[in-house]
Amino acid sequence: AQSVTQLDSQVPVFEEAPVELRCNYSSSVSVYLFWYVQYPNQGLQLLLKYLSGSTLVKGINGFEAEFNKSQTSFHLRKPSVHISDTAEYFCAVSSGGGKLIFGQGTELSVKP
Amino acid sequence: DTEVTQTPKHLVMGMTNKKSLKCEQHMGHRAMYWYKQKAKKPPELMFVYSYEKLSINESVPSRFSPECPNSSLLNLHLHALQPEDSALYLCASSPAGDETQYFGPGTRLLVL
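In short, a report on the structure. (Residues numbered from 1 in each chain as written. Chains lettered and ligands numbered in written order. Predicted model: local features only at pLDDT ≥ 70, side-chain atom pairs only at ≥ 80, totals over all residues. Heavy atoms only, no water.)

### Some words on the pairing of strand S2 (residues 10–13) of chain B
Residue and element names in this part refer to chain B. Spelled out, the test is: Per-residue accessibility, obtained with a 1.4 Å probe over protein chains only, is compared with the maximum for each type, and a residue is labelled buried under 20%, exposed over 50%, and partly exposed between these values. Numbering of helices and strands runs from the N terminus; a helix is a DSSP stretch of H or I covering at least four residues, while a strand is a stretch of E covering at least two. Should DSSP find at least two bridges between two strands, the strands are taken to pair.
Only one face of S2 is buried: it carries Leu11 and Met13, and the other face, with His10 and Val12, is open. In terms of strand pairing, S2 meets strand S11 (residues 107–111) through four bridges, oriented parallel. If you follow Met13 over to S11, its bridge partner there is Val111.

### Focus on the interface of chain A and chain B
Cut-off, in case you're wondering: Any two residues having at least one pair of non-hydrogen atoms within 4.5 Å are treated as being in contact. When two parts are brought into contact, each loses some accessible area as probed by a 1.4 Å sphere; the total of that loss over both is the buried area. Salt bridges are identified by distance alone: a Lys or Arg side-chain nitrogen within 4 Å of an Asp or Glu carboxyl oxygen. Pairs of N or O atoms are called polar contacts if they sit within 3.5 Å, as long as, within protein, a hydrogen donor faces a hydrogen acceptor (for residues adjacent in sequence, only side-chain-to-side-chain pairs).
Counting residues at the interface gives 22 residues for chain A and 22 residues for chain B. Of the roughly 1,600 Å² buried at the junction of chain A and chain B (both faces included), carbon and sulfur atoms supply 54%. When residues of chain A are sorted by the area they lose upon contact with chain B, A:Leu44, A:Gly98 and A:Lys99 head the list and together hold 26% of the total. Across the contact surface, chain A and chain B share three salt bridges. A:Glu107 is the partner of B:Lys40 in a salt bridge, and the nearest nitrogen-oxygen pair spans 3.9 Å. Run the count over chain A and chain B and you get eight residue pairs in polar contact (both at pLDDT 80 or more).

### Observations regarding the state of the cysteines
Residue and element names in this part refer to chain A. Selection criterion: Only a pair of cysteine sulfur atoms within 2.5 Å counts as a disulfide in this structure description.
All chains considered together, the criterion is met by two disulfides over all chains. The residue that forms a disulfide with Cys23 is Cys91, at a sulfur-sulfur distance of 2.0 Å. Looking down the S-S bond of the Cys23 and Cys91 bridge, the torsion is -65°, so its handedness is left-handed. Residue Cys23 is found in strand S4 (residues 23–26), and its partner Cys91 is found in strand S10 (residues 87–94); the two are separated by 68 residues along the sequence.

### Some details on the side chain of B:Gln101
Following the sequence through the fold, B:Gln101 ends up in the loop between strand S9 (87–94) and strand S10 (102–103). Within the local environment of B:Gln101, its side chain forms a polar contact with the backbone oxygen of A:Gly98, the two atoms lying 3.2 Å apart. Once residues lying within four places of it in the same chain are set aside, the contact partners of B:Gln101 are A:Tyr36, A:Gly98, A:Leu100, B:Tyr33, B:Tyr35, B:Ala92, B:Ser93 and B:Ser94.

### Structural notes on the pairing of S11(B)
Residue and element names in this part refer to chain B. Residues Thr107, Leu109 and Val111 of S11 are buried on one face, while the alternating residues Arg108 and Leu110, pointing to the opposite face, are not. When S9 meets S11, the two strands line up antiparallel, connected through three bridges. What sits directly across from Tyr89, in S11, is Thr107.

### Looking at the pattern of salt bridges
Tallied over the entire structure, the rule returns 12 salt bridges over all chains. In this structure, the salt-bridge partner of B:Glu24 is B:Lys22, at a minimum N-O distance of 3.8 Å. The partly exposed category is assigned to B:Glu24, whose relative accessible area is 25%. A salt bridge links B:Arg63 to B:Asp85; the nearest nitrogen and oxygen atoms lie 2.7 Å apart. Highlighted residues: B:Arg63 in the loop between strand S6 (53–57) and strand S7 (64–70) and B:Asp85 in the loop between strand S8 (73–79) and S9, separated in sequence by 22 residues. Residue B:Asp85 is classed as buried on the basis of its relative accessible area, which comes to 2%. Overlapping salt bridges, with partners in common, bring together A:Glu20, A:Glu66 and A:Arg77 in one network.

Shown next, in the form of structure tokens:
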């Protein structure tokens, strides 16, 4: 069975500081990995995804993530955050068949 | 058209009412999904339709009844709901051969 662990439930950070949101997964098969962002009262927006190929994945809004197979991690990073990045971030994994397994979410709070 | 749309945005219903949620996509995606999301929690998968056929039902109570009339449209029929069914209902779709899911903005449901 697959599982996803987001290691921090809340991450407070000051504007223009770098941020890393951590995600670890467990799976006995090859996986596809995703990060989604959810702004208040909205649906989920795809930030980036790893399906295959280069382990460094660049997404929208200046975010990037690195797939590390040996550490079963897919941490999300941004070098300089803005107030508008305040949102809930979900890491998710799929091994096919249409099922996405989500982590519990990380609330990113960017302060001025 | 590159988005998933959901109507209505908000819905209030009594426990004896019958209502329906609607989801549309015109991206030619072949799989469509219903999720339920409670506050501060990740989305929970309810149903998956693949090529207009129900492929996954995550043991959802029969008071929720999905329907996929064609490849672009997905409905969720609601009957005799309970207050604990109040949540954000999200629809998603994905292209054939791709595990990436694209989400709509959701319908916020309140059951009184």
